[in-house]
Amino acid sequence: MAHQTIQTIQNIQVELVQGDITQQPDVSVIVNAANAQLETGGGVAGAIHRAAGPALAKECKPMAPINPGEAVISSGHRLPNGHVIHCLGPVYGVDQPSDSLLADCYRNALLLADEYKLTSIAFPSISTGAFGYPIKAAAGIALDTIKKTIPHLKNIQKIRLVLFDQSDFETFKKRLEQLED
Ligand code: ADP
């Protein structure tokens with residue numbers, strides 16, 4: 001089994017796993033680290049569009065372009081998840097202020113999923129691939145924002161972060177342990 005760690009914050013399960021965002025069949029919605037045009041691409045967006053099939057890009061086209069920090073929702077098509085939430089992360093050091101735009105992604109995705117009455121959501125690490133966000137800072141923003149948003153959620157019971165690399169998983173794990181303080 002992949003490395004996994006779980007913590008409960010105000011009755012909501014927050015999980016970290018090492019793995020692939022397209023292989024999370026037990027969550028209602030997965031989050032895409034999207035590009036502004038909501039098209040396929042490299043990294044997470046490429047993997048999600050390949051797994052979902054071409055109907056995903058077709059459905060998303062009328063919603064594009066989106067702005068940094070924004071989140072929009074589509075169906076999951078051939079993915080095992082009913083929905084995909086597409087977030088545009090900030091390009092580090094270019095879209096400013098990068099920290100609050102990255103926080104907007106996590107908060108807007110959680111609130112949108114909750115509004116759709118979805119009960120579980122899985123995120124990749126937004127902006128830390130092609131967009132160049134340093135992983136340690138991004139992990140802090142992701143987990144702090146999740147913690148701050150939890151009191152506003154009515155339907156979500158499980159929030160999972162899926163880290164592709166072992167070292168990214170370890171970085172998130174350390175930050176999650178610090179959240180307990
Ligand atoms: P961005 O353009 O927002 O930086 P990327 O997709 O380039 O998004 O990368 C975001 C993070 O997702 C990176 O840390 C990368 O290692 C990771 N990643 C890449 N492919 C996958 C995948 N299939 N599942 C989960 N995480 C992935």
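Before going into details, it helps to say that this report is about the structure given with it.

How each quantity is defined
Residues numbered from 1 in each chain as written. Predicted model: local features only at pLDDT ≥ 70, side-chain atom pairs only at ≥ 80, totals over all residues. Heavy atoms only, no water. Pairing = 2+ DSSP bridges. Helix = DSSP H or I, 4+ residues; strand = E, 2+ residues; numbered from the N terminus. Axes fitted to C-alpha atoms, helices over the stretch in contact; angles between N-to-C directions. Contact = heavy atoms within 4.5 Å. Buried < 20%, exposed > 50% of the residue type's maximum accessible area, 1.4 Å probe, protein only. Core = buried A, V, L, I, M, F, W, Y, C linked by side-chain atoms within 4.5 Å. Phe/Tyr/Trp six-rings, centres within 6.5 Å; stacked < 30°, edge-to-face > 60°. Near = heavy atom within 4 Å. Polar contact = N/O pair within 3.5 Å; in protein donor to acceptor, adjacent residues only side chain to side chain. Areas by Shrake-Rupley, 256 points an atom, 1.4 Å probe, with all protein chains shown as cover. Nonpolar A, V, L, I, M, F, W, Y, C, P; charged D, E, K, R; others polar. Parallel < 35°, antiparallel > 145°, perpendicular 65-115°, else oblique. Left-handed = near helix turned anticlockwise from the far one by under 90°.

1. Points about the sheet that holds strand β5 (residues 83–87)
Spatially, β1-β2-β7-β6-β3-β5-β4 is the arrangement adopted by the seven strands of the open sheet, whose pairing is mixed. Only two strands of the sheet have a single neighbouring strand rather than two, namely β1 (4–9) and β4 (71–75). Each adjacent strand pair in this sheet contributes to an overall mean axis angle of 20°, direction not counted. Sheet topology places strand β3 (residues 29–33) next to β5; five bridges connect them, and they run parallel. By the bridge assignment for β5, Val29 is matched with His83. Set on the sheet, helix α1 (residues 43–52) makes contact with β3 and β5; between it and β3 the angle comes to about 135°.

2. Comments concerning unusual backbone geometry
Here the bond from Ala64 into Pro65 is cis, since omega is 0°, no more than 30 degrees from zero. Relative to the assigned elements, Pro65 resides in the loop between α2 (55–60) and β4. Even without glycine at this site, Leu38 takes up a positive phi of about 60°. Tracing the backbone through its elements, the reader meets Leu38 in the loop between β3 and α1. Even without being a glycine, His77 presents a positive backbone phi close to 50°. Relative to the elements of secondary structure, His77 occurs in the loop between β4 and β5. Overall, His77 belongs to the partly exposed group, its relative accessible area being 34%.

3. A few points about the nonpolar core
Nonpolar side chains in soluble globular proteins tend to be buried together. Within the largest apolar cluster, 39 residues are counted, with the highest numbers of intra-cluster contacts made by Ile85, Ile121, Phe123, Ile159 and Leu161. Sorting elements by how many residues they give to this core places helix α3 (residues 98–115) first, with eight residues. Residues within four places of Ile121 in sequence aside, it is in contact with Val27, Val29, Val31, Ile85, Ala109, Leu110, Ala113, Ile156, Lys158, Ile159 and Arg160. In this structure, Ala34, Leu38, Ile48 and Cys60 belong to the second largest nonpolar core, which totals 17 residues.

4. A look at the side chain of Thr5
Among the secondary structure elements, Thr5 is positioned in strand β1. Residues in contact with Thr5, not counting those within four places in the same chain, are Val14, Glu15, Leu16, Phe169, Lys173 and Leu176.

5. A short note on the packing of aromatic side chains
Inspection of every chain in the model, using the stated rule, returns two aromatic pairs. Ring geometry for Tyr106 versus Phe123: centroids 4.9 Å apart, planes at 40°, classification tilted. Of this pair, Tyr106 sits in helix α3 while Phe123 sits in strand β6 (residues 120–123), placing them 17 residues apart in sequence. A relative accessible area of 0% places Phe123 in the buried class.

6. Observations regarding the site of the ligand
Close contacts around the ligand come from 16 residues, with Val44, Ser127, Thr128, Gly129 and Ala130 the closest. In the environment of the ligand, a nitrogen atom lies 3.0 Å from a nitrogen or oxygen atom belonging to the side chain of Asp20. Val44 has a polar backbone atom sitting 2.8 Å from an oxygen atom of the ligand. Starting from 560 Å² of accessible surface for the ligand in isolation, the protein chains cover 90%. Ranked by residue count, the leading element in the shell around the ligand is α1, at three residues. Split by residue class, the shell around the ligand holds seven nonpolar, six polar and three charged.

7. Comments concerning the packing of α3 against helix α4 (residues 135–149)
Describing two packed helices takes the angle between their axes plus the distance from one axis to the other. Remark: α3 packs on α4, axes separated minimally by 9 Å, with the N-to-C direction vectors making an angle of 40°. Classified by the angle their axes make, α3 and α4 are oblique. Here α3 runs over α4; the crossing is right-handed. Across the interface between the two elements, Asp99, Leu102, Ala103, Tyr106, Arg107, Leu110 and Leu111 from α3 touch Ala138, Ile141, Ala142, Thr145, Ile146 and Thr149 from α4. Of the residues that constitute the contact of α3 with α4, the class distribution is nine nonpolar, two polar and two charged.

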